[in-house]
Amino acid sequence: MNTKAPEKNFADIKDMTFERALKELEAIVGKLERGDVELEESITIYERGEALRDHCDRLLKAAEAKVEKLTLGADGTPTGTTPLDKDGNAPF
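Residues numbered from 1 in each chain as written. Predicted model: local features only at pLDDT ≥ 70, side-chain atom pairs only at ≥ 80, totals over all residues. Heavy atoms only, no water.

Draft legend 1. Structural detail: the overall build of the protein chain. Of regular secondary structure, the protein chain possesses two helices and two strands. The secondary structure elements of the protein chain, listed N-terminal to C-terminal, are α-α-β-β. When the 92 residues of the protein chain are sorted by exposure, 24% land in the buried category. Taking as baseline every contact in the protein chain between residues at least 6 positions apart, the subset at least 24 positions apart corresponds to 43%. As displayed, the protein chain has an accessible area near 7,200 Å², and 56% of this comes from carbon and sulfur atoms. (Helix = DSSP H or I, 4+ residues; strand = E, 2+ residues; numbered from the N terminus. Buried < 20%, exposed > 50% of the residue type's maximum accessible area, 1.4 Å probe, protein only. Contact = heavy atoms within 4.5 Å. Areas by Shrake-Rupley, 256 points an atom, 1.4 Å probe, with all protein chains shown as cover.)

Draft legend 2. Here's a closer look at the environment of Arg48. Structurally, Arg48 can be placed in helix H2 (residues 39-67). On the basis of relative accessibility, which here comes to 15%, the residue Arg48 falls in the buried class. With near-sequence residues (within four places) excluded, Arg48 lies in contact with Phe10, Asp12, Ile13, Met16, Glu24 and Ile28.

Draft legend 3. Examining the nonpolar core more closely. Phe10, Ile13, Met16, Ala21, Leu25, Ile28, Val37, Ile45, Ala51, Leu52 and Cys56 together form the largest nonpolar core, which totals 11 residues. Elements represented by at least two residues in this core include exactly helix H1 (18-34) and H2. Broken down by element, this core gets its largest block of residues, four residues, from H2. Those residues within four positions of Leu25 in sequence are excluded, and the remaining contacts are Gly49, Leu52 and Arg53. (Core = buried A, V, L, I, M, F, W, Y, C linked by side-chain atoms within 4.5 Å.)

Draft legend 4. Molecular detail of H1. Across its 17 residues, H1 extends 24 Å between first and last C-alpha, which sits within 8% of the 24 Å expected from 1.5 Å per residue. Every buried residue belonging to H1 is among Ala21, Leu25, Ile28 and Gly30, and all of these are buried. Gly35 occupies a position one or two residues after H1 and carries a positive phi of about 70 degrees. (Expected span 1.5 Å × (residues − 1).)

Draft legend 5. Seen up close, the environment of Ser42. Along the chain, Ser42 falls in helix H2. By relative accessible area, which is 17% here, Ser42 ends up buried. Put simply, Ser42 and Leu32 are 10 residues apart on the chain and 6.7 Å apart in space, counted from C-alpha to C-alpha. Dropping the residues within four chain positions of it, Ser42 is found in contact with Leu32 and Val37.

Draft legend 6. Inspection of the pattern of salt bridges at higher detail. Per the stated rule, a full pass over the model turns up seven salt bridges. Among the salt bridges present, the one from Arg53 reaches Glu50, with a minimum N-O distance of 3.3 Å. Taken together, the residues Arg53 and Glu50, both in helix H2 and three residues apart, mark about one turn of the helix. Classification of Glu50 by relative accessible area gives buried; the value is 10%. (Salt bridge = Lys/Arg side-chain N within 4 Å of Asp/Glu carboxyl O.)

Draft legend 7. Structural context of the environment of Arg53. Taking relative accessible area as the criterion, Arg53 reaches 39% and is therefore assigned partly exposed. Residues Arg53 and Glu26, 27 residues apart in the sequence, show an inter-C-alpha distance of 10.0 Å.

This is the structure in structure tokens:
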């Protein structure tokens, strides 16, 4: 089953901060949980919610990449992570 929202133009989302996107996403979830919107609006705001969730996910992954570096063993397999310093370098 494909859970990705249909492609819509939510251009304003790409410039949102994580906090702003999360706040709007929480408001959408609240509306949907209360059931106080009509079907067509529910579909529209659900799709926007999916776009907001995807945006938040991308921002979180980018933040994680800035604060952790994957460490590899001698054979090249991952062994854990190392915190990055402020310049993006792993301490050795």
